[in-house]
Amino acid sequence: MARQNVTEFKRTRRLITPPPFKGTLAEEPHAWVIVFDKAQKYHEWTDEEAAVEFMVLMHGPAIYWWGGLTTDTQSSYCVFKEAFKAYFGEDDNTARAVLYPT
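Because the structure is predicted, anything quoted here is derived from the model rather than measured.

(A) Quick look at the overall build of the protein chain. When helices and strands are counted, the protein chain shows seven helices and zero strands. Starting at the N terminus, the α and β elements of the protein chain follow one another as α-α-α-α-α-α-α. Burial statistics for the protein chain: of 102 residues in total, 32% are counted as buried. Taking the intrachain contacts of the protein chain between residues at least 6 apart in sequence as the baseline, contacts between residues at least 24 apart amount to 55%.

(B) Broad picture of the pattern of salt bridges. Within the structure shown, the criterion is met by two salt bridges. For Asp-37, the salt bridge identified is with Lys-81, shortest N-O distance 2.7 Å. Linking Asp-37 in helix α2 (residues 29-43) with Lys-81 in helix α6 (residues 77-88), this pair joins segments that are 44 residues apart in sequence. For Asp-37, a relative accessible area of 23% translates into the label partly exposed. Classification of Lys-81 by relative accessible area gives buried; the value is 17%. Between Lys-85 and Glu-82 there is a salt bridge; the shortest N-O distance is 3.9 Å.

(C) The environment of Ala-39, seen in detail. As for its placement among the helices and strands, Ala-39 is situated in helix α2. Apart from the residues within four sequence positions on either side, Ala-39 is in contact with Ile-16, Pro-18 and Trp-45.

(D) Quick look at the nonpolar core. Counting 19 residues, the largest nonpolar core has Trp-32, Phe-36, Phe-54, Met-58, Trp-65 and Phe-84 as its most contacted members. Contacts of Phe-36, omitting those with residues within four sequence positions, involve Pro-18, Trp-45, Ala-50, Glu-53, Phe-54, Leu-57 and Tyr-77.

Here is what the cut-offs are and how they apply
In this numbering scheme, every chain counts its residues from 1 along its sequence in written order. Totals for whole chains, interfaces and linings use every residue, but because this is a predicted model, local features are given only for residues with pLDDT of at least 70 and side-chain atom pairs only at 80 or more, for both listing and counting. In computing side-chain values, all of the structure's heavy atoms are included and hydrogens and water are not. Segments assigned H or I by DSSP are reported as helices when at least four residues long, segments assigned E as strands when at least two residues long, and all are numbered from the N terminus. Each residue is assigned to one of three classes by its accessible area relative to the maximum for its type, calculated with a 1.4 Å probe on protein chains only: buried under 20%, partly exposed between the two thresholds, exposed over 50%. Note on contacts: a residue pair is in contact if any heavy atoms of the two residues lie within 4.5 Å. Every case where a carboxyl oxygen of Asp or Glu lies within 4 Å of a side-chain nitrogen of Lys or Arg is listed as a salt bridge. By convention a nonpolar core is built from buried Ala, Val, Leu, Ile, Met, Phe, Trp, Tyr and Cys residues, the set being connected through side-chain atoms within 4.5 Å.

Purely geometric numbers; function is a separate question.
Here you go:
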């Protein structure tokens, strides 16, 4: 498919927009990152563009996590994606145990 056709195709399709991430018990961090990665691929965001989009989607308690990252970490999606996984968990069950111990 030629580049012009791909661009037109994207204009006529529904935009993929991940929901905000709040870092609450009701959310699944691992699944949320998968949805975000799909949006990044679909929109063809660079690493820096993905970093900005990710930051905009942090809400509630998650924005405090974001604010605690260094500027160097915040500026690269590849870097802070690993920080996100380390903090919120590699999978959804780990995330719940870390965020909400019983």
